[in-house]
Number of protein chains: 2
Amino acid sequence: MQLEKFIRDVPDFPQKGIMFKDITTLLKDKNAFKYAVDLMIEKYKNQKIDKIVGIESRGFIFGGAVAYHLGCGFVPARKPSKLPAETIKENYSLEYGTNTLEMHVDGIQPGENTVIIDDLLATGGTALAVAKLVERLKGNVIGIDFLIELEFLHGREKLKDYNVNAYLKF
Amino acid sequence: MQLEKFIRDVPDFPQKGIMFKDITTLLKDKNAFKYAVDLMIEKYKNQKIDKIVGIESRGFIFGGAVAYHLGCGFVPARKPSKLPAETIKENYSLEYGTNTLEMHVDGIQPGENTVIIDDLLATGGTALAVAKLVERLKGNVIGIDFLIELEFLHGREKLKDYNVNAYLKF
């Protein structure tokens, strides 16, 4: 299946000059959505994966589906002040300023095998922050999976210590 | 399975005096997460469902899993300014002030059967806003499913025109 046909280009979103890759046109197509999730499942179905870590918010959609099908637990990595219990935090750089992601300290047990899932690999800062959170909890990052990779932003270099998979490249 | 054992009570979150029902302790348990998703799937597996509408953000986790397993498309209902293409909006009341949810105008086709999914039924305002969005797009709301219902907030009364399911009641 040519997944790229299901991605909609939206110009000037979220700001002027940016061509946004809209995945909602893929999500709403039952065949394309299933195909995309199956690509992620296929990579891990023969490995012992304990937890899927989904990155807020679009990573939750794929992460929930993959966790259910692989029979793993699901752990959210969330924006600040969304998680109610004790958390650890990592900051990461944006073009202007910084942002923060959090995980619950009891989200991962030491030694657990995890796969981190998000919709889009851009500069890689977000996923790297989540990988650090998992490792601070003494989990193993078995893979980091994205639906889309924006290759011109070279996010893969920032994640060079990890097994990175992306299924659509622009 | 006694799902309530997997819910963590967090006092004074997000503000003093509120006892927050934390579902992350259920999500991270592979058996409890699978069991919860299976309850939702069971309700709809013999019906023709075209789209699962997941409400941002925790509704995405369950919604993604249910859509994948039922072989439906997934459509997000999101907070303002998150969806890149043309949207319709509904406002709903909070204790203080109002909030807004949006869906893409092309998320649902006329006549499609939809199930709306979120983690928690509180006052019902959010889910009612999403049901109105689906109906403005001429979709059919076959059901509205929640993991948890806070019965003392009487949200089910606000949703009395709909088939509402909740799997854990407090």
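K.L.:
Explain the relation of the copies chain B and chain A here, please?
P.N.:
The pair of chain copies shares a relation made of a rotation about an axis and a shift along it. Mapping chain B onto chain A calls for a screw motion: a turn of 180 degrees about the axis and a shift of 0.0 Å along it, with 0.0 Å RMSD after fitting. In short, the pair behaves as if placed about a two-fold rotation axis. Closest approach to the rotation axis within chain B is made by the C-alpha atom of Ala65(B), at a distance of 1.9 Å. Comparing interface residues between copies, 100% of those in chain B also lie at the interface in chain A; the contact surface is shared.

K.L.:
What should I look at first to understand the side chain of Thr100(B) in this one?
P.N.:
With respect to the secondary-structure elements, Thr100(B) resides in strand S6 (residues 98-104). If near-sequence neighbours (up to four positions away) are discounted, Thr100(B) is found in contact with Arg78(B), Lys79(B), Pro80(B), Lys89(B), Glu90(B), Asn91(B) and Tyr92(B).

K.L.:
What's the story with the interface of chain B and chain A in this structure? I'm lost.
P.N.:
Much of the literature gives interface size as the accessible area that the parts lose upon coming together. Tallying the contact residues gives 43 residues for chain B and 44 residues for chain A. Taking both partners together, chain B and chain A bury about 3,300 Å²; carbon and sulfur atoms supply 61% of that area. Contact with chain A buries surface across chain B, with Lys28(B), Tyr68(B) and Pro84(B) losing the most and accounting together for 24% of the total. The interface formed by chain B and chain A holds 4 salt bridges in total. Of all the elements in the fold, those that place two or more residues in the side of chain B that touches chain A are strand S1 (8-11), strand S2 (19-22), helix H1 (24-27), helix H2 (30-44), helix H3 (58-70) and strand S4 (73-77) of chain B. Examining the composition of the side of chain B that touches chain A, we find that 8 residues originate from one element, H3(B), more than from any other. Broken down by class, the residue content of the side of chain B that touches chain A amounts to 19 nonpolar, 10 polar and 14 charged.

K.L.:
Help me understand the packing of H2(B) against H3(B), please; the structure alone is not making it clear to me.
P.N.:
Angle between the axes and distance between the axes: these two values describe a pair of packed helices. All names here are of chain B. One way to put it is that H2 packs onto H3 with a least axis distance of 10 Å and a crossing angle of 55 degrees. Taken together, the axes of H2 and H3 are oblique relative to one another. Two packed elements cross with a definite hand, and for H2 against H3 that hand is right-handed. Residues Phe33, Ala36, Val37, Met40, Ile41 and Tyr44 of H2 lie in contact with H3, whose contacting residues are Ile61, Phe62, Ala65, Val66, His69 and Leu70. Partitioned by chemical class, the residues of the contact of H2 with H3 number 11 nonpolar, 1 polar and no charged.

K.L.:
Looking at this structure, I do not really get the sheet that holds strand S4 (residues 73-77) of chain A. What am I missing?
P.N.:
As a general point, the strands of a sheet are linked pairwise by backbone hydrogen bonds and lie either parallel or antiparallel. All names here are of chain A. Pairing in this open sheet of 5 strands is parallel, and the strands run S4-S3-S7-S8-S9 from one edge to the other. Both edges of this open sheet fall to S4 and strand S9 (164-169), since each of them pairs with a single strand only. Taking the axes of each pair of neighbouring strands and ignoring which way they run, one obtains an average angle of 20 degrees across the sheet. As defined by bridge partners, strand S8 (residues 140-149) adjoins S9 across 5 bridges and the pair is classed as parallel. In the strand pairing of S9, Glu149 is matched with Lys169. Sheet contacts for helix H4 (residues 125-136): strand S3 (51-55), S4, strand S7 (113-121) and S8; angle to S8, the most-contacted strand, approximately 160 degrees.

K.L.:
Explain the side chain of Lys51(A) to me, please; I cannot follow it from the model alone.
P.N.:
Inspection of the secondary structure puts Lys51(A) in strand S3. Setting aside residues up to four positions removed in sequence, Lys51(A) forms contacts with Cys72(A), Gly73(A), Val75(A), Gly107(A), Ile108(A), Gln109(A), Glu112(A), Asn113(A), Thr114(A), Val115(A) and Lys28(B).

K.L.:
It is not clear to me how the nonpolar core should be interpreted in this structure. Could you clarify?
P.N.:
Taken as a class, soluble globular proteins show a tendency for nonpolar side chains to be buried jointly. Counting residues in hydrophobic clusters, the biggest one holds 61 residues, and the most contacted among them are Phe33(A), Phe62(A), Leu147(A), Phe33(B), Phe62(B) and Leu147(B). Setting aside chain neighbours within four positions, we find Phe33(B) in contact with Gly64(A), Ala67(A), Tyr68(A), Cys72(A), Phe74(A), Leu26(B), Leu27(B), Ile61(B), Phe62(B) and Ala65(B).

K.L.:
Just checking my understanding: could you explain the environment of Lys51(B) for this structure?
P.N.:
Residues and elements named next belong to chain B. Overall, the relative accessible area of 5% leaves Lys51 in the buried class. Measuring from C-alpha to C-alpha, the distance between Lys51 and Ala67 comes to 7.3 Å, with 16 residues separating the pair along the chain. Separated by 2.8 Å, the side chains of Lys51 and Glu112 make a polar contact.

K.L.:
What am I meant to see in the pairing of S7(A) here?
P.N.:
Successive side chains on a regular strand alternate, one facing one side of the sheet and the next facing the other. All names here are of chain A. A large share of S7 lies buried, amounting to 8 of its 9 residues. Pairing geometry for S3 and S7, over 4 bridges, is parallel. Directly across from Lys51, in S7, lies its bridge partner Thr114. Pairing analysis gives 8 bridges linking S7 to S8, with the strands arranged parallel. Along S8, the bridge assignment pairs Asn113 with Asn140. Crossover S7 to S8 through H4 is right-handed.

Reading guide: rules and limits
Residues numbered from 1 in each chain as written. Chains lettered and ligands numbered in written order. Predicted model: local features only at pLDDT ≥ 70, side-chain atom pairs only at ≥ 80, totals over all residues. Heavy atoms only, no water. Least-squares fit on C-alpha atoms with pLDDT ≥ 70 in both. Contact = heavy atoms within 4.5 Å. Helix = DSSP H or I, 4+ residues; strand = E, 2+ residues; numbered from the N terminus. Buried area = accessible area lost by both parts, 1.4 Å probe. Salt bridge = Lys/Arg side-chain N within 4 Å of Asp/Glu carboxyl O. Nonpolar A, V, L, I, M, F, W, Y, C, P; charged D, E, K, R; others polar. Axes fitted to C-alpha atoms, helices over the stretch in contact; angles between N-to-C directions. Parallel < 35°, antiparallel > 145°, perpendicular 65-115°, else oblique. Left-handed = near helix turned anticlockwise from the far one by under 90°. Pairing = 2+ DSSP bridges. Core = buried A, V, L, I, M, F, W, Y, C linked by side-chain atoms within 4.5 Å. Buried < 20%, exposed > 50% of the residue type's maximum accessible area, 1.4 Å probe, protein only. Polar contact = N/O pair within 3.5 Å; in protein donor to acceptor, adjacent residues only side chain to side chain. Right-handed = clockwise from strand over helix to strand, strands pointing away.

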